[in-house]
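In case you want the letters, here they are:
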Amino acid sequence: MSGRPITPRRRNVAALFALLVGTFGVAGGSARAPAATRAQAPKAMRLYVFDCGLLNISPDGVARYHVTPAEVGEARMPVPCFLVAHPKGTLMWDVGVIPDASVEAQAQGGARSNVNPTSAAVVTRTLKSQLAQIGYSPADITYVAISHAHKDHSANLDEFASSTWLARPAEREFMWKEHNERVDPSFYTKLKTSKSIALDKDEYDVFGDGLAVIKSAPGHTPGHQVLILRLASLGRIMVAGDLYHYPPERMFRRAPPDNEFNVKQSAASRAMIEEYLRKTKTTIWIEHDFGANAKLKKSPAYYD
Ligand SMILES: [Zn+2]
């Protein structure tokens, strides 16, 4: 057998074998099962977008934003959740509208809940399962932050009780205020005592390198905030929470909804953010914008 020259055909077979080993790993050795393998820290920051449900909004609900159903076209609002995976840790941003446990308890058709009389939520996929698909469990997540504590952004907070909560003191106070119908404290009972960093300045640089910055934009709630990311493929983007809901609110410069926690403060935050976007050449992502969300890459795909 020795000394036999390698024919081109044998070379091709060898190359194919090497390729297969490279792709699938060696059986019994480093066989890869993407859903079960724990994610490694990426070399460059990544952004994953998850599907955390959909809100069906009634015509009255649309009118609350000082726009008409004809102006908005699509009244439904997506509920996205976001994971920022940075070489130095991870940040979960906004955590859905119905807790995973309720979604799991629903065998078919998704879990439903009425966020308020004009907004009905449907959730078909758990946040946990979408994290698991890319190798994370809630217990692995370094930081958790929400744009604000309304029910459609905070449902799975308790899952992140071992993360460090990046919290604005004004929002924390709002979250446990008596008779506050805009929130559901049963979503975050464990956060009362979890490890937390108080964000008491305008901006907070999450990983210390300017790539992920949380910025105050109050009014919708007392501690409403936005997330600014610098990604190689997208440049600067702002995940803007509920600063706006429908794009025509921004396009036509409509006044903020009358039921904002503080309408004047909301209007001031919008003006301040518009100036910021212009100055820093940042693209805004309106989280509940159906058309824009439909075009986003969803996890397991990601932006880096
Ligand atoms: Zn919302």
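Just above sits the structure.
Caption draft 1: Representation of the overall build of the protein chain within the structure. Scanning the protein chain for helices and strands turns up 10 helices and 13 strands. When each of the 304 residues of the protein chain is scored for burial, the buried share is 38%.

Caption draft 2: Molecular detail of the sheet that holds strand β5 (residues 119-123). The strand order across the open sheet formed by 8 strands is β4-β5-β1-β2-β3-β6-β7-β8, and the pairing between neighbours is mixed. Sheet topology places β4 (111-116) and β8 (196-198) at the edges, where each strand pairs with a single neighbour. With strand direction ignored, the average angle separating the axes of adjacent strands in the sheet is 25°. Bridge count for strand β2 (residues 77-86) against strand β3 (residues 89-93) is 5 bridges, and the pairing is antiparallel. Residue pairing in the sheet places H86 in a bridge with G89 of β3.

Caption draft 3: Region of the structure containing the environment of M272. Locating M272 in the fold gives a position in helix α9 (residues 263-280). For M272, a count of 14 C-beta atoms within 10 Å puts it in the partly exposed group. For M272 and A217, which are 55 residues apart along the polypeptide, the C-alpha to C-alpha distance reads 8.3 Å.

Caption draft 4: Summary view of the sheet that holds strand β11 (residues 225-231). Ordered by their spatial adjacency, 5 strands build an open sheet running β9-β10-β11-β12-β13, and the pairing between neighbours is mixed. Only two strands of the sheet have a single neighbouring strand rather than two, namely β9 (203-205) and β13 (283-285). Pairs of neighbouring strands in the sheet enclose a mean axial angle of 25°, with direction left out of account. Relative to strand β10 (residues 212-216), β9 runs antiparallel, the two being bridged by 3 bridges. The partner of D205 across the bridge, within β10, is V213.

Caption draft 5: Layout of the pairing of β4. Relative to β5, β4 is paired through 5 bridges, and the arrangement is antiparallel. By the bridge assignment, S113 is partnered in β5 with A121.

Caption draft 6: Spotlight on the nonpolar core. Core analysis: the largest hydrophobic core is formed by 70 residues, its most contacted members being F82, V84, V226, V239 and A240. The element that contributes the greatest number of residues to this core is strand β1 (residues 46-57), accounting for 8 residues. In this view, A240 contacts V226, I284, W285, I286 and E287; residues no more than four positions away in its chain are not counted.

Caption draft 7: Fine view of the environment of I273. Structurally, I273 is set in helix α9. You can call I273 buried: it has 20 C-beta atoms within 10 Å. Aside from chain neighbours lying at most four places away, what touches I273 is A217, V226 and L243.

What counts and what doesn't
Residues numbered from 1 in each chain as written. Predicted model: local features only at pLDDT ≥ 70, side-chain atom pairs only at ≥ 80, totals over all residues. Helix = DSSP H or I, 4+ residues; strand = E, 2+ residues; numbered from the N terminus. Buried ≥ 20, exposed ≤ 12 C-beta atoms within 10 Å, placed from the backbone. Pairing = 2+ DSSP bridges. Axes fitted to C-alpha atoms, helices over the stretch in contact; angles between N-to-C directions. Core = buried A, V, L, I, M, F, W, Y, C linked by C-beta atoms within 7 Å. Contact = placed C-beta atoms within 7 Å.

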